[in-house]
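Reading the structure
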Amino acid sequence: MRTLKLISASILFLLIAVNIINAQSDFDKVQNFKTKYKQIEESIKNASDLNQCFDIENEIIKLKGDFTADKKLLDNSLYPLNFDSSIDKLVSALETRKGDFTQITELKEEVSGLKEKITVLDKQNYALLEQIKDLDAGRRKDAATIESLRKLTDQLRSSLRKRDELVVGIIDSLLAEFVNHPFTLNEAERISFDKKIEYNNLFYNVERTISDNIEFITVTKLEPDDFADIKEKYSSFSKMWKQIGPRLGDVYLNRAEKTAAIERIDSRFGQWNYAINSQMWRSINSLFLEKNIKLLSYNSGSEFTERVTGFIEDEIKNIGVKKSEESENMYYTFADTLWFEKIQPEWVPVLIENRMLEEAQKDTIEARIANWKAQIVPEGLAWWIYIIGIVVLILIILGITSVLKKKQVS
Amino acid sequence: MKKSFLIVLLIIPLIAACSTIVLQPVNFGWAIENVLTSDANGMVEEQRHAISFNITPLFQAEFGDSVKADSKEIRIICSTDGFYFVTSKTFKNVYVLAPAENSLKVDNKILINEQGLLSPVFNQRDTHIELIDGANIYKLTSKGITVK
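The structure displayed is predicted, hence computed values, not measured ones. (Residues numbered from 1 in each chain as written. Chains lettered and ligands numbered in written order. Predicted model: local features only at pLDDT ≥ 70, side-chain atom pairs only at ≥ 80, totals over all residues. Heavy atoms only, no water.)

Before going further, it helps to spend a moment on the overall build of chain B. Counting its secondary structure elements, chain B contains two helices and 11 strands. From first element to last, N terminus to C terminus, chain B shows the α and β order α-β-β-β-α-β-β-β-β-β-β-β-β. Each of the 148 residues in chain B was classed as buried or not, and the buried ones make up 39%. Contacts in chain B between residues far apart in sequence, at least 24 positions, make up 46% of those at least 6 positions apart. When the accessible surface of chain B is totalled, it reaches about 9100 Å², and 56% of it is carbon and sulfur. (Helix = DSSP H or I, 4+ residues; strand = E, 2+ residues; numbered from the N terminus. Buried < 20%, exposed > 50% of the residue type's maximum accessible area, 1.4 Å probe, protein only. Contact = heavy atoms within 4.5 Å. Areas by Shrake-Rupley, 256 points an atom, 1.4 Å probe, with all protein chains shown as cover.)

Within the secondary structure, Ala-188 of chain A sits in helix H7 (residues 187-199). The contact partners of Ala-188 of chain A, leaving out residues within four places of it in the chain, are Lys-45 and Arg-97 of chain A.

So, about the nonpolar core. Counting residues in each nonpolar core, the largest one holds 72 residues, and the members touching the most others are Phe-288 and Phe-304 of chain A. In terms of residue count, helix H10 (residues 256-290) of chain A provides more of this core than any other element does, 12 residues in total. Once you skip the residues sitting within four places of it in the chain, Phe-288 of chain A turns out to touch Ile-293, Leu-295, Tyr-298, Phe-304, Val-308, Phe-334, Leu-338 and Ile-343 of chain A. Counting 31 residues, the second-largest nonpolar core is a separate cluster that includes Val-44, Phe-59, Ile-77 and Val-86 of chain B. (Core = buried A, V, L, I, M, F, W, Y, C linked by side-chain atoms within 4.5 Å.)

Turning our attention to the confidence of the model for chain B. For chain B, per-residue confidence averages 87 on the pLDDT scale, and residues scoring 70 or more make up 84% of the total. The complex prediction reports pTM at 0.47, with the ipTM value standing at 0.74. (pLDDT = per-residue confidence, 0-100.)

This paragraph deals with the pattern of salt bridges. Under the criterion given, the structure shown has 18 salt bridges over all chains. Asp-84 of chain A is the partner of Lys-71 of chain A in a salt bridge, and the nearest nitrogen-oxygen pair spans 3.6 Å. One end of the pair, Lys-71 of chain A, is in helix H4 (residues 71-77); the other, Asp-84 of chain A, is in helix H5 (residues 83-137), and 13 residues separate them in sequence. A residue is classified by how much of its surface remains accessible, and Asp-84 of chain A, at 33% relative accessible area, is partly exposed. As a salt-bridge pair, Lys-258 of chain A and Glu-198 of chain A come within 2.4 Å of each other at their nearest N and O atoms. Taken together, the residues Lys-258 of chain A in helix H10 and Glu-198 of chain A in helix H7 connect sequence positions 60 residues apart. One network of salt bridges, with partners in common, ties together Asp-26, Lys-29 and Asp-70 of chain A together with Arg-125 and Glu-130 of chain B. (Salt bridge = Lys/Arg side-chain N within 4 Å of Asp/Glu carboxyl O.)

Below you can see the structure in the form of structure tokens.
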């Protein structure tokens, strides 16, 4: 009997204890659920790889399991969501995040191949540039050396083009991703883009592309068509950088070293453009030098116009001072051999297309050449020569006819 | 006779027009209690159910000092029949409030503990409001404690 009382008392105590333990505030339960929910939401945002996503998936399963008993309470309390839709929302956010990483993994594999190719091309380009420099520096410039130089230049041009295309591919893929994030990036997105940019070695690759292209135009002898291609390449690259630059600025909003790198690349683009322009003017000047025509240096369309018209004015002034044969030779060399045969048909269109020379400046030069021609070969004299020639011809014909008539009569 | 009949005929529609329309049943109950903190003026605001009121009179009733209502935490829940149950730590009572014109009127004051409550929480239950204070659990209705 006593034992029975003891057992009954124990059971009663146990029931009371369980009741006390279970006596919990519904409000606390809901708050507890909300806190855990927020923690998981943050974890999803901050996840940095797929493995972390799998861990979060387990946390969601655990959350669901822990609170299923309170489903009814949570359904009524999680307005405007309910228990199931809250869990679904987490699952959906996690799936989206997983998708990001799957895409990144695919991109990584794709870019990994690109990186290897770029490294090979970097080495190849470096070796080619060195060979070209060696050959160019040599005193002997026989036919074989010139041919070798030409071949190496072609190889380097093609190799550079391949490398440029790969870098453009990397920038393109990043641009495409930025398009999917049109607004200001949040911290998680910044981290994600930073990883992609670092993985692609974007800053190094863009800077290296610019340096190689500058060196290419500096060490090689290029034709007007080459410059047209180079200018086009510069324009499209620069345009692409202008598109991606501000977005990179957003990614690295609070990182001074990265902001400085972006600014450095901005200025490198300026240097690239300057190098192309300078090299174009130098190439044009080398044509004058080949013909022993020395012009003061120039680096813009207006300077070029000024130097050329200045030279023509000097030559016009020297008519009568110099031997007329010398003056005529200079005119024909300048006008016929250089300007109308090489510079005007080959270089002027490229210069005008790239806004390095204006149509009006070209017309000014050509007007001066026409004036020079008029001084060297006076137009008036030429007209009288034609008249005299015609008169003489008529007289000859008349003479012959009268002689023939006389013969017939006799 | 005819006259009386006509008067009755006129009165019946009038009575019908004046009678109040009642919608039933209504569940006013909140799923969970809410914990609100008063501002310097003693005002609390419950955002989900859009109710705000001044708790100063309750603190005055409990402690005889309105200053104590500044930055205080109260617990509130609305029962299924539309009464607000309000209490706080160190309160001796749970106040049952009923909505009135631009006001809440104390409908009942349920004494729980003369020593003051330690950590009271409310839960919504099907037939009553559950009040837990440490190990003590009380079943409350607007009329008072039903079971302890």
